[in-house]
Number of protein chains: 2
Amino acid sequence: MIEKRNMKKVLFFFGKFAFMQLESVLYMIPVPISDGSLRDILPLGNNEIISGIKHFIVENVRTARRFLKKMDPSTDISQIVFYELNGHTPENEIWGYLSPLRDGVPMGVMSEAGCPGVADPGAKVVMIAQNEGLKVVPLVGPSSILLSLMASGLNGQKFSFQGYLPVDPKDREKTIRDLESQSRRYDMTQIFIETPYRNEKMMESLLKNLGGETLLCVAADVTGKEERIITKPVRRWKEEGFKIEKVPTIFLFYSIGSRK
Amino acid sequence: MIEKRNMKKVLFFFGKFAFMQLESVLYMIPVPISDGSLRDILPLGNNEIISGIKHFIVENVRTARRFLKKMDPSTDISQIVFYELNGHTPENEIWGYLSPLRDGVPMGVMSEAGCPGVADPGAKVVMIAQNEGLKVVPLVGPSSILLSLMASGLNGQKFSFQGYLPVDPKDREKTIRDLESQSRRYDMTQIFIETPYRNEKMMESLLKNLGGETLLCVAADVTGKEERIITKPVRRWKEEGFKIEKVPTIFLFYSIGSRK
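A brief structural summary. Just so we're clear, the structure is a prediction, and the values are computed from it rather than from any experiment.

## Remarks on the sheet that holds strand 6 (residues 81-84) of chain B
Next, step 1: Read across the open sheet, the 5 strands follow the order 6-5-7-4-8 (chain B); overall the sheet is parallel. Strand pairing shows two members of the sheet lacking a second neighbour, strand 6 and strand 8 (136-138) of chain B, which therefore form its edges. Taking the axes of each pair of neighbouring strands and ignoring which way they run, one obtains an average angle of 25° across the sheet.
Next, step 2: Docked against the sheet, helix 6 (residues 144-152) of chain A engages strand 4 (26-29) and strand 8 of chain B, running at close to 145° with respect to strand 8 of chain B.
Next, step 3: On top of the sheet, helix 5 (residues 123-131) of chain B reaches strand 4, strand 5 (55-58), strand 7 (107-110) and strand 8 of chain B; it is set at about 155° to strand 4 of chain B, its chief contact.

This is how it looks when you write it as structure tokens:
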């Protein structure tokens, strides 16, 4: 028996094939957030675990299938069971998804992009597992939120992820101003996301409502070929001009007033 | 020329040796948070980048050296320049660290554990680079904060990382109660860290001050052999008993009252 990390894995050898038997665990499995090479964004160790799993709870079946095929083109997708978990899945159905895990079979949770359980509905099924004392193990992978923060230069000792801001322009502007004063009061970086087609409107609202010295970071296409993570005071964003693309983007700001 | 991700890398072949020349970039380089195997927690692609860097800004020179040797035992440490950046390094000295990068030489930033720029002093040097328009690229790796959140089952659509709570018992208890009411008001998971030898005291304070139905997650030795990430209502933590070890631990809580 090989014990590695905190999962008991049993390797059986038949000729040149090795079969791994995973412990009964709910694995939280990150998937890519851009089109780059998997070896740049996922540890090799993840592959072994993923290839031992036949039951996946996923935000989007199509992207989950595509990821499994990209990771290992020899994957027989017809042998894999997918359970769709999105914002509309009823609670009792989610509860039922964990039956294989309750019977001792390992399962995986995958988001549409990035790390499951963060900025997606994945936490619901994890809470059910935690409540029943089932073991949950997270795997390492790309999170645009964390990667943006690392490269932003903004305060990483205190930060808040706010999800999506309100769509209504008035509400959104008020929220931006509230978050700015919270940033100053609590010495905290504010992080949020927007759907790509609204990026430009978001940037307009930010430049209109934030103070000139507030540091604003725009992180676009993180881990992708066109990745750019740029931090400047709002004043300089306005002076120097910019082009916001319709690509996945994270916005972060930190009010300079909060510096002690 | 091979263009991969967003870094221009030039490969030269001399016999069986390939030399890679990296673009002039400040790379944010994650390091392990436990004693496990590197292939379980770091993408292979990181190795190529790291082996092309000779100038590292690090929180702790000894752990940085050990990591580079573990990644590639053939590394000639005597050829590598380390610049120490901790909470006490003066601002003008940090400014000077970036001289090689200004001259077009790639540099790396490494924390003592996990992702640089998050819960460490690394952001200071990144802000200087961002201010001068130097390019910053984050690499994927383990963050105990993010991994704990993924496996906690707590709200990952809104969360706050609070760093360390106050040490003074009265201040700490007040802070815990304030964070609980913020969690309820803003529907937000609260995340914070503690130095291992104070874990037990922290747990006592939490159980004493949080409401019985508040969901508390204790994430210990994340990615390590003894990893356990367990979420239960405060009431059940009290009833069922527990043992808190002196290992790196992340605490997370979410006030159930915030659920809509």
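## Considerations on helix 2 (residues 61-71) of chain B
Residues and elements named next belong to chain B.
Next, step 1: Within helix 2, the full set of buried residues consists of V61, T63, A64, F67, L68 and M71. All buried residues of helix 2 lie within an arc of 165° about the axis, which places them on one face of the element.
Next, step 2: Next to the buried residues of helix 2 lie strand 4, helix 1 (44-51), strand 5, strand 6 and strand 7.
Next, step 3: By the N-cap criterion, in which a side-chain oxygen at the helix start approaches the backbone nitrogen of a residue two or three places on, helix 2 is capped by N60, the distance to R62 being 3.0 Å.

## A word on the relation of the copies chain B and chain A
Next, step 1: Mapping chain B onto chain A is achieved by rotating through 180° and translating by 0.0 Å along the same axis, at an RMSD of 0.0 Å. Here the transformation between the copies is reduced to the relation of a two-fold axis.
Next, step 2: When the interface residues of chain B are mapped onto chain A, 100% of them are again interface residues, pointing to one common binding face.

## Observations concerning helix 6 of chain A
Next, step 1: Extensive coverage of helix 6 of chain A is indicated by the burial of 8 of its 9 residues.
Next, step 2: For helix 6 of chain A, every residue scored as buried is listed here: I145, L146, L147, S148, L149, M150, A151 and S152 of chain A.

## Examining the interface of chain B and chain A
As a measure of interface size, the accessible area lost when the parts come together is often cited.
Next, step 1: Listed per partner, the contact involves 64 residues of chain B and 64 residues of chain A.
Next, step 2: Between chain B and chain A, a total of about 5400 Å² is buried, with carbon and sulfur atoms accounting for 55% of that surface.
Next, step 3: Our enumeration of links across chain B and chain A arrives at 2 salt bridges.
Next, step 4: The salt bridge partner of E48 of chain A is R39 of chain B, with a shortest N-O separation of 2.7 Å.
Next, step 5: Taken together, the links from chain B to chain A amount to 22 residue pairs in polar contact (both at pLDDT 80 or more).
Next, step 6: For the side of chain B that touches chain A, the secondary-structure elements that each account for two or more residues are helix 1, helix 5, strand 8, helix 6 (144-152), strand 9 (159-164), helix 7 (169-186) and strand 12 (228-233) of chain B.
Next, step 7: The element that contributes the greatest number of residues to the side of chain B that touches chain A is helix 6 of chain B, accounting for 7 residues.

## Focus on the sheet that holds strand 5 (residues 55-58) of chain A
Residues and elements named next belong to chain A.
Next, step 1: Taking strand neighbours across the sheet as the criterion, the 5 strands line up as 6-5-7-4-8 in an open arrangement whose pairing is parallel. Strand pairing shows two members of the sheet lacking a second neighbour, strand 6 (81-84) and strand 8 (136-138), which therefore form its edges. Adjacent strand axes in the sheet meet at a mean angle of 25° when their direction is disregarded.
Next, step 2: Here 4 bridges tie strand 5 to strand 6, and the two strands are oriented parallel to one another. Within strand 6, the residue paired with V58 across the bridge is E84.

## So, the environment of L147 of chain A
Next, step 1: Looking at the element boundaries, L147 of chain A is found in helix 6.
Next, step 2: By relative accessible area, L147 of chain A is classed as buried at 3%.
Next, step 3: Note: C-alpha distance between L147 of chain A and R65 of chain A (82 residues apart in sequence) is 25 Å.
Next, step 4: If near-sequence neighbours (up to four positions away) are discounted, L147 of chain A is found in contact with I33, P142, V222, T223 and I229 of chain A together with P138, L139 and V140 of chain B.

## Considerations on the packing of aromatic side chains
Next, step 1: Applying the stated criterion to the full structure yields 12 aromatic pairs over all chains.
Next, step 2: When the ring of F161 of chain A is compared with that of F159 of chain B, the centres are 5.3 Å apart and the planes differ by 35°; the resulting orientation is tilted. Of this pair, F161 of chain A sits in strand 9 (residues 159-164) while F159 of chain B sits in strand 9, each in a different chain.
Next, step 3: Classification of F161 of chain A as buried rests on a relative accessible area of 0%.
Next, step 4: What makes F159 of chain B buried here is its relative accessible area of 2%.

## Some details on the packing of helix 6 of chain A against helix 5 of chain B
Next, step 1: The interhelical angle for the contact between helix 6 of chain A and helix 5 of chain B, taken along N-to-C directions, is 75°, at an axis separation of 7 Å. As judged from the angle between their axes, helix 6 of chain A and helix 5 of chain B are roughly perpendicular. Only V126, M127 and Q130 of chain B of helix 5 of chain B make contact with helix 6 of chain A, whose side of the interface consists of M150, A151 and S152 of chain A.
Next, step 2: The residue inventory of the contact of helix 6 of chain A with helix 5 of chain B, partitioned by class, reads 4 nonpolar, 2 polar and no charged.

## With respect to the pattern of salt bridges
Should the charged atoms of two oppositely charged side chains come close, the side chains can pair.
Residues and elements named next belong to chain A.
Next, step 1: Taken as a whole and assessed by the stated rule, the structure comprises 25 salt bridges over all chains.
Next, step 2: A salt bridge links K135 to E23; the shortest N-O distance between them is 3.6 Å. One end of the pair, K135, is in the loop between helix 5 (123-131) and strand 8; the other, E23, is in the loop between strand 3 (17-21) and strand 4 (26-29), with 112 residues separating them in the sequence.
Next, step 3: Sharing partners across several salt bridges, the network here consists of R172, E194 and R198.

## Topic: empty space enclosed by the protein
Next, step 1: In total, this model carries 4 cavities of 30 Å³ or more according to the counting rule given.
Next, step 2: Estimated volume of the largest cavity: approximately 50 Å³.
Next, step 3: Residue lining of the largest cavity: I145, L146 and F159 of chain A together with I145, L146, L149, F159 and I191 of chain B, and that is the complete set.
Next, step 4: Here the residues of the lining of the largest cavity are counted per class, giving 8 nonpolar, no polar and no charged.

## Some thoughts on the layout of surface pockets
Next, step 1: If you add up the space inside the largest pocket, you get close to 1100 Å³.
Next, step 2: Lining the largest pocket are 40 residues, with I33, S111, E112, A113 and G114 of chain B positioned closest to its centre.
Next, step 3: Elements supplying a minimum of two residues to the lining of the largest pocket: helix 2, helix 6, strand 9, strand 10 (189-194) and strand 13 (249-254) of chain B.
Next, step 4: Residue contributions to the lining of the largest pocket peak at 5 residues, all from helix 2 of chain B.
Next, step 5: Residue composition of the lining of the largest pocket, by class: 20 nonpolar, 11 polar and 9 charged.
Next, step 6: The space that makes up the second largest pocket amounts to roughly 910 Å³.
Next, step 7: Within the residue set of the lining of the second largest pocket, elements represented by two or more residues are helix 2 (61-71), helix 6, strand 10 (189-194) and strand 13 (249-254) of chain A.
Next, step 8: Sort the elements by how many residues they give to the lining of the second largest pocket and helix 2 of chain A lands first, with 5 residues.
Next, step 9: A per-class count over the lining of the second largest pocket returns 18 nonpolar, 8 polar and 8 charged.

Conventions adopted
Residues numbered from 1 in each chain as written. Chains lettered and ligands numbered in written order. Predicted model: local features only at pLDDT ≥ 70, side-chain atom pairs only at ≥ 80, totals over all residues. Heavy atoms only, no water. Pairing = 2+ DSSP bridges. Helix = DSSP H or I, 4+ residues; strand = E, 2+ residues; numbered from the N terminus. Axes fitted to C-alpha atoms, helices over the stretch in contact; angles between N-to-C directions. Contact = heavy atoms within 4.5 Å. Buried < 20%, exposed > 50% of the residue type's maximum accessible area, 1.4 Å probe, protein only. Arc of directions from axis to C-beta. Polar contact = N/O pair within 3.5 Å; in protein donor to acceptor, adjacent residues only side chain to side chain. Least-squares fit on C-alpha atoms with pLDDT ≥ 70 in both. Buried area = accessible area lost by both parts, 1.4 Å probe. Salt bridge = Lys/Arg side-chain N within 4 Å of Asp/Glu carboxyl O. Phe/Tyr/Trp six-rings, centres within 6.5 Å; stacked < 30°, edge-to-face > 60°. Parallel < 35°, antiparallel > 145°, perpendicular 65-115°, else oblique. Nonpolar A, V, L, I, M, F, W, Y, C, P; charged D, E, K, R; others polar. 1 Å grid on protein atoms, 1.4 Å probe; cavity = no way out; pocket = protein on both sides within 12 Å on 5 of 7 lines; lining within 4 Å. Points joined across faces, edges and corners; volume = space filled by probe spheres on them.

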